[in-house]
Amino acid sequence: MVEALDIHVQGIVQGVGFRPFVYRMAKKYLINGWVLNATDGVHIHAEGEGKLLDEFVLELSDNAPAAAQVTQIELREVPLEDFDRFEIRFSDAAAAEQTTLVSPELATCDDCLRELFNPNDRRFRYPFINCTNCGPRFTIIEGLPYDRAKTSMRDFTMCGRCAAEYADPLDRRFHAQPDACFDCGPVVSFAWRQADEADAAAPTGACPPPARRREGDLLVSEGRTRAESDAIFARAVELLRAGKILAVKGLGGFHLACDANNPEAVARLRARKRREGKAFAVMMANVGDVRAVCEVNEVEEAVLTGAQRPIVLLRKRAGAHLAPRLADGLGELGVMLPYTPVQHLLMHDFAAAAGAGAGAAGVVGAAKAAAAGEGGALPPMLVMTSGNLHDEPIVVSDEEAYAKLADVADAFLGNNRDILTRFDDSVVRVIRAGSAGHAVQFIRRARGYAPLPVPLALAGQAEQADAAAPPVIFATGPEQKNTFALLRAGEKGAQDAEAFVSQHVGDMENAETYDAWLAARRRYEELFELAPAVVACDLHPEYLTSKWAHGQALPVTEVQHHHAHVAAVMAEHGLRDAVCGIAFDGTGYGVDGAIWGGEVMLANLQAFERFANFAYVPMPGGAAAIKHPLRMAYGVLWAFDLLDHPGAAPTLEALGAQAGICDAMIEQGINTPLTSSVGRLFDAASALLGVCAEPAYEGEGACLLEAAIGDLAEGDASGDAEDAAVVGAADAAGAAAAADAAERYAVAVVKNTATEASTAQDTSVVLLDAEPTFRGLLDDVASGVPVPVIARRFHDAVVGAVAQAAELVRALYGIEAVVLAGGVFMNRYVVEHALSALEDAGFTVAISRDLPPNDGSVSLGQAVVAWAKTKAM
Ligand SMILES: [Zn+2]
Ligand SMILES: [Zn+2]
């Protein structure tokens, strides 16, 4: 019997080839009717035989295109209208398309890869191949609806063959807006210095095609034909093989690339980019190659090969000898697989030239899992670091690259498809998340993820009916690792409120980043047609973003940094009742004007009370103490009266005359703010241990201290054994001694003596006193305990403080829900051990899911606190 169904599909179903997929399925199951894109998803009117209709519906959820995410399918029986065919209908209401979600960038799909490396395909080696399942999206969009005329593909008129594919509902390029080929689409460009021209006539004969134009002292050629394009790749690979540095245009901006196995090239890139410490991320051809240098579990493999293609921080294999200065001193290496056709071609040709046989085109990749052990050859890999100077935003246009990266890159592999929105690579790692098994933890959320909204659960079950719809709120985000956020009501008001958290913007101290922030904010507001009614910003009066907020003619809600951290996690997890919010962080402006960062809060979305904090220590020189952790160490020694401890001698010696200066600054209160920051305690510990005295970036001390634990023999068990050997030399009961050692770095809990003037917000009930922690650490230093053991004990003390604080809050207030937030929880050891300790003790633990625990999530927290406050008014 023929029946009719109205089918409503929700989720990520636009810009991902969903309608053509529906059309093909309709043909397969002899369904008549239509499919239509609307603001709330895809609507289908389907008429067919009952059994076939059932199978059609099943296919919609089970076999949707790879990039689609079907979250809900609603079915409703409707009267037959006797359609005689199935058609794709187009919404004529342009306005109706305005609020549809924009897909993020999608890595080149397997179908396109097969064509890219198939000599018989008309797009063989075409560097901009794409389809409805892959390619650029948000980075090329100028306006909505998402249509070629409103993208940077506008200038490329499709040839007859591309136009035919684009118009054919059964073609996998049906309405693929960036569809193109050698005859009609973008092409690569290659720019090199005229002075280097003689070089071009290299023995291998890889010459770029003749220059078509000049840009200053650069000659620029273009790959308008396959032969020209191939010649450009050949030349690019030759330069990389020769240790040169190449600027390569990607989806969201340029990368700077060099041979990651060539120590001179790596050193040269560091020197030219003036980036001394921070590890470089690398690109490899396939998972098999990655396995040769890193441990890769199933979850990590899925993330590495997924359509988002982030940089994944993987644990280095023991015995894999990477080039010096690539990621020295760290246990992890940032790795990504190619995600654009340009990168696939480059990586493929580079690997082929290296004679490493990196698998056919990196499509599947020969599983070359043999570890690169002592003397073992490393798989081909390229450093792929952001194409920018210092902390400036990533460069997006060829011209900008020629100007800004002139002193860094030896040549430029660009193209004429404009990038309209700047995106860095996303960075994630997979952690052991207690009973949840594994979890993907964001370090930086950008390409592949933004601008998808972060799912929220703002309304509790009990009050769904009366939950007020939030006004549109713009949250500026914090000063560092900035993102901003736009919060708006969904169709059902507060229940399905959405937050558009921007891609990582960067550190706002520099003018270029602030300009990039202003531009990105405008684009989000325009594209999503959101006119904010409320602005939320940080409590710090001197932040550029705070000043901007107060300059708007809108009500402003100021949100304390760590309350925002905790609220962001609450919103992600739908927590409405008071939680124990543990925010261990680097820097945040406190209600009392001090620098917070070791806070235990009783918090809901509207307000917080500061229950506990790490006892203040002075930061001699303020920000200078972050750059020079020896000063921070001095502040800690001074605060805990440990200056005379024998374990402090090496530090005081290293400080030399600076010790006296620090002392005077503290005693006289000159430029010496007080801080409760756990991040600063990590800095101090790493300086006291000589692990890191001059960090190249904030937090390096903590990273190296964590990595030092890895120098212990494999796993915790043998770590304990080593403890026992060291501590219990004179003690027969080795295990007991190890347990003592763990206890020895205690964090004391002491009652805070509040003054009359204090409020619940700025003065805690109890203080977490790190004096015993540092005394234990110095005792160990003085008695020659190895650094890895001390590093682990210090980490255990921080984990212990988390557990102690949670227990205390539960005992006093009966609160069992614990939120972990702040940059300290990006420390793999701390987060994994804190999660298991809390879960073992019966707590419900929440931590960021779709955002990083660091300041990248603060904008969301600001937005939801502002919303909760408008509701309370
Ligand atoms: Zn594709
Ligand atoms: Zn074409």
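Scope of this entry: the structure provided in the associated data block. These numbers were taken from a predicted model, which means no experiment stands behind them.

Calculation criteria
Residues numbered from 1 in each chain as written. Chains lettered and ligands numbered in written order. Predicted model: local features only at pLDDT ≥ 70, side-chain atom pairs only at ≥ 80, totals over all residues. Heavy atoms only, no water. Pairing = 2+ DSSP bridges. Helix = DSSP H or I, 4+ residues; strand = E, 2+ residues; numbered from the N terminus. Axes fitted to C-alpha atoms, helices over the stretch in contact; angles between N-to-C directions. Parallel < 35°, antiparallel > 145°, perpendicular 65-115°, else oblique. Left-handed = near helix turned anticlockwise from the far one by under 90°. Contact = heavy atoms within 4.5 Å. Nonpolar A, V, L, I, M, F, W, Y, C, P; charged D, E, K, R; others polar. Salt bridge = Lys/Arg side-chain N within 4 Å of Asp/Glu carboxyl O. Buried < 20%, exposed > 50% of the residue type's maximum accessible area, 1.4 Å probe, protein only. Donors = N, O, S within 2.8 Å, 3.2 Å for Na, K, Ca; no water. Tetrahedral: all angles 85-135°; square planar, octahedral: opposite > 155°, others 65-115°.

1. Topic: the sheet that holds strand β1 (residues 2-12)
The five strands lie next to each other as β4-β1-β3-β2-β5, forming an open sheet whose pairing is mixed. Edge positions in the open sheet fall to β4 (69-77) and β5 (86-89), since each of these has one partner strand only. Each strand of the sheet is rotated relative to its neighbour by a mean of 20°, with strand direction disregarded. Here β1 runs beside β4; their pairing, made up of eight bridges, is antiparallel.

2. Describing the packing of helix α20 (residues 678-688) against helix α24 (residues 771-782)
Here α20 crosses α24 at 15°, and the two axes come no closer than 11 Å. Considering their axes alone, α20 and α24 lie roughly parallel with respect to each other. As α20 runs across α24, the sense of the crossing is right-handed. For the pair formed by α20 and α24, the contact residues are L681, A684, A685 and L688 on the first element and F774, L777 and L778 on the second. Partitioning the contact of α20 with α24 into residue classes produces seven nonpolar, no polar and no charged.

3. Observations concerning the pattern of salt bridges
Here the structure, examined in full by the defined rule, presents 45 salt bridges. Linking E222 and R213 is a salt bridge whose minimum nitrogen-to-oxygen distance equals 3.6 Å. By relative accessible area, R213 is classed as partly exposed at 30%. R488 is the partner of E498 in a salt bridge, and the nearest nitrogen-oxygen pair spans 2.9 Å. Placement of E498 in strand β21 (residues 493-501) and of R488 in strand β20 (residues 485-490) is noted, with a sequence separation of 10 residues between them. Using a relative accessible area of 9% as the deciding quantity, one classes R488 as buried.

4. Some words on the coordination of the zinc ion (ligand 2)
For the zinc ion (ligand 2), every protein donor is listed as C159 (SG), C162 (SG), C181 (SG) and C184 (SG), and the spread of their distances is 2.2 to 2.3 Å. Coordination at the zinc ion (ligand 2) comes from four donor atoms whose angles at the metal span 103 to 115°, giving a geometry best classed as tetrahedral. Along the chain, the residues donating to the zinc ion (ligand 2) are arranged with the sequence spacing C-x2-C-x18-C-x2-C. Pair noted here: C162 is in helix α5 (residues 160-167) and C184 is in the loop between α5 and β6 (188-193), with a separation of 22 residues, a long-range link.

Remember, this is a structural readout, not a statement about activity or role.
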